[in-house]
Structures are given as C-alpha cells and as structure tokens.
Amino acid sequence: MDNIETLKRELTEAVANAADEAALEAVRVAALGKKGRISQLMKGLGQMSPEERKEQGPVLNALKNDIADAIAARAHALHDAALAARLATEKIDITLPVRPEPAGSIHPVTQVIDEVVAIFADMDFSVAVGPDIETDFYNFTALNIPPEHPARQMHDTFYFHEKADGERPVLRTHTSPVQIRSMQAQGAPLRVIAPGRTYRCDSDMTHTPMFHQIEGLVIDKDIHMGHLKGCLDAFCRAFFEVDTVRMRFRPSHFPFTEPSAEMDIGCNRSGDEISIGDGDDWLEILGCGMVHPVVLRHGGIDPEIYQGFAFGIGIDRLAMLKYGIPDLRDFFESDLRWLRHYGFSALDIPSLPGGLSR
Ligand code: DAH
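Residues numbered from 1 in each chain as written. Predicted model: local features only at pLDDT ≥ 70, side-chain atom pairs only at ≥ 80, totals over all residues. Heavy atoms only, no water.

Draft legend 1. Layout of the site of the ligand. In the neighbourhood of the ligand, 15 residues make up the surrounding shell, with His174, Ser176, Arg200, Gln213 and Glu215 lying closest. In this structure, His174 approaches the ligand through a side-chain N or O atom, which is 2.9 Å from a nitrogen atom. Ala310 has a polar backbone atom sitting 3.2 Å from an oxygen atom of the ligand. Coverage of the ligand by the protein amounts to 91% of the 360 Å² it exposes when considered alone. Secondary structure elements with two or more residues in the shell around the ligand: strand 5 (210-220), strand 9 (281-291) and strand 10 (307-314). (Near = heavy atom within 4 Å. Polar contact = N/O pair within 3.5 Å; in protein donor to acceptor, adjacent residues only side chain to side chain. Areas by Shrake-Rupley, 256 points an atom, 1.4 Å probe, with all protein chains shown as cover. Helix = DSSP H or I, 4+ residues; strand = E, 2+ residues; numbered from the N terminus.)

Structural data, given as structure tokens:
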C-alpha cells in the first residue's frame, strides 16, 4: 500500500512537470505503457491469492484511472498552451493596407450626377431612365415638335438609316423624351429626374457631340411657376453649396413648355475663376417651363386635372462651373493626368448630410 501511495505521488509529480507533449508521452509510456510501472503491477495481480487480489485490484485500478486522468488533463493544458503560443507568433495585422491608394477616380460628370441626384432625392424625386436611341415620336412629336417644326433643325440631330417600316431612329438630342416615357409608365402625380447622355452634331470649346443632361419633371394638381422657382432655387443653393443664389428667369421658347423660361444665376467673373452666388454678372444654366398641355396628353395625362413643370440642365456645364474646368472636350479625352487632377475619390459618395463635394 505504502509504495502505491509513493508511486502515485511520484507519477503525479512527473505528469505535472512534463514541459511539453513529448515529455508527457514519455511519462505515460513509463506508467501505463506495456512495460510501464502500473502495467507491471497489474500483471502481478495474476500471481496473488484471491483475497489479496480482491484488496489490491481496486487500489491498482484507481491508481491507473487517476494517473490516466491526470495525463489527459495535462495533455489538454499543454495543447492549449501550444496553440496560444502559435497564435501569438503567427499573428497578422489585418489593419495594414494591402495595396497602395486605389488608382482610379470618379469622373466629374459622374460626381455631378451623383450630387444632383442626392439633392433631388432629398426633395422626393425618383430617378427615371430612357434609351439613348430614341424614336422620332418620343424625341420630337410627343414633345410638341411635329415634323417640319423649325426646332428640329436647331437640334443638329444624328439620324439612323430609315427602317423598313419607315421609322427613322435618332440618338436622343435631349433627355426630355424621358418625360413622356415616365408619364406613360407612372401616370400622375409624378416627380422624376432623368440624368443621361444626349447627342448633337456639334463640337467646340463648350460643345461635344455626346454630352449629358438631367431632366426634371413634376406633375400634380395646382402646380404653378412658384413651385418651379422654389424647387430650382433650393437646387442651386444646395448644388453650389452657398446660402443664397441670385436667380433670374428670362422668357424663352421651348415647344414642350408654355410659358418657357431660361434661368440665369448671379456670378462674379472678375477673378480667374467664376464664383457663383455673388457678383453682377449672369450665367445661363438651364431651360424650364410649365409642361405644355399637348405634352401631357401624349403622356396620357389630362391637362384639365393636372399641371406640371419641367426643366433641363446641362450636367457637363454644371461640372465646368462648379469645379473650374475650362474646356469641355477634355472631359471625354480619357487623359489619365486630367482624370487624376479633376477626379474624385470613389469612397466619397455625395450626400446632403455627409457633404456633396470636398
Ligand atoms: N430639352 C431642352 C434642350 O435640350 C432643355 C429643356 C428646356 C428641358 C425646357 C425642359 C424644359 O424640360 O422645360 O435644350
């Protein structure tokens, strides 16, 4: 009995002192392996008298179990410690950037579209789209520009070849056809803006054959020009990020609006760059008016019940003004130096609360 107690103490100590998994395995083999000390004692049971065996059997069994348990517990602890040590040495700092700054940038036209959409979305407008290749009906006739109307010549239209059915598609000359498509698809009341590409056969410092417009359309009951002015005033102040903008509406003519106007905003051209909001000069920025009853009817809306206002803004022009870009043609040259200089970070998404530009 005495030497079993000693043996237990000795083995327990050896287990506790095993510094790693290999040392522990050696202790296990020495105690519980085939020729281990406990195994040898167990073998000795066979030579004992039944009485002796009855007494010694449970004692040896308990010893064997206790040592096996201690080894298992120690193995567990050593395993955890080994894992912790490995994790500590193999740690990777994933907060470090894996690459240098992103090389691409957001084109000023995309930036301005995002800004304008953010502003009008805040006024409850939704975004509508239409095709770049339009039918003559949507681009002209439905907008109260019948065949032979002089306004057709002013549009410098790109025509496609005539199709078998006599239809001659065009590259849309403005975003106004989206007005008709939106009215037909959604009916009244309606509040949409439609940004997109437009095309005219024209090219100089301030004109390119492909350019961008944004169309606005509001249809509801009792809509009048005061709503138009209020809406555009709010837009200009938000877009140019100034508290007040001087505005002026000049009478104009568009077949699809009656009355029609062009809107100018106050600016100052005395320095190198144009500054918006103050100064004595005027700058034309958009065309607008009250939607013509013929246009409403083409859109499937009863002009006796509903009225509306519409406006069309040149996006590229807005970008030139806001970001001081002198030549429109550079917008579409894909010159990387230009893009790096005038481009915006892809991570700064324009929003009213977060700021439009920075
Ligand atoms: N579509 C016109 C253009 O391209 C711009 C325009 C003027 C749009 C008046 C409108 C508007 O919606 O009401 O010149």
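Draft legend 2. The arrangement of the packing of helix 2 (residues 21-32) against helix 4 (residues 50-89) in detail. One can describe the packing of helix 2 onto helix 4 by two numbers: an axis separation of 10 Å at closest approach and a directional angle of 170°. The orientation of helix 2 with respect to helix 4, classified from their angle, is roughly antiparallel. In this structure, helix 2 uses Glu21, Leu24, Arg28, Ala31 and Leu32 to contact helix 4, whose residues at the interface are Lys64, Ile67, Ala68, Ile71, Arg74, Ala75, Leu78 and His79. Looking at the contact of helix 2 with helix 4, its residues break down into eight nonpolar, one polar and four charged. (Axes fitted to C-alpha atoms, helices over the stretch in contact; angles between N-to-C directions. Parallel < 35°, antiparallel > 145°, perpendicular 65-115°, else oblique. Contact = heavy atoms within 4.5 Å. Nonpolar A, V, L, I, M, F, W, Y, C, P; charged D, E, K, R; others polar.)

Draft legend 3. Structural detail: the domain arrangement of the protein chain. When its domains are assigned, the protein chain resolves into domain 1 (2-89) and domain 2 (108-342). A straight line from the C-alpha centre of domain 1 to that of domain 2 covers 88 Å. (Domains from an automatic or database assignment.)

Draft legend 4. Spatial organisation of the pattern of salt bridges. Applying the stated criterion across every chain, the model contains 16 salt bridges. One salt bridge connects Glu284 with Arg250, and the closest N-O pair in it is separated by 3.8 Å. Of this pair, Glu284 sits in strand 9 while Arg250 is found in strand 6 (residues 247-254), placing the two residues 34 residues apart along the sequence. A single salt-bridge network, built from bridges that share partners, covers Arg248, Arg250, Glu262, Asp264 and Glu284. (Salt bridge = Lys/Arg side-chain N within 4 Å of Asp/Glu carboxyl O.)

Draft legend 5. Looking closely at the pairing of strand 4 (residues 190-199). For strand 4, a buried count of eight out of ten residues is recorded, marking the element as mostly surrounded by other parts of the structure. In the sheet, strand 4 pairs with strand 5 via ten bridges, with the strands oriented antiparallel. The partner of Gly196 across the bridge, within strand 5, is Gln213. (Buried < 20%, exposed > 50% of the residue type's maximum accessible area, 1.4 Å probe, protein only. Pairing = 2+ DSSP bridges.)

Draft legend 6. The arrangement of the nonpolar core in detail. Judged by nonpolar contacts, the single largest core of 45 residues is most densely connected at Phe235, Ile265 and Phe311. Elements represented by at least two residues in this core include exactly helix 5 (108-122), strand 5, helix 9 (225-240), strand 7 (257-268), strand 9, strand 10, helix 11 (315-323) and helix 12 (336-342). Ranked by size, the runner-up nonpolar core spans 22 residues in total, among them Leu143, Ala151, Val178 and Ile219. (Core = buried A, V, L, I, M, F, W, Y, C linked by side-chain atoms within 4.5 Å.)

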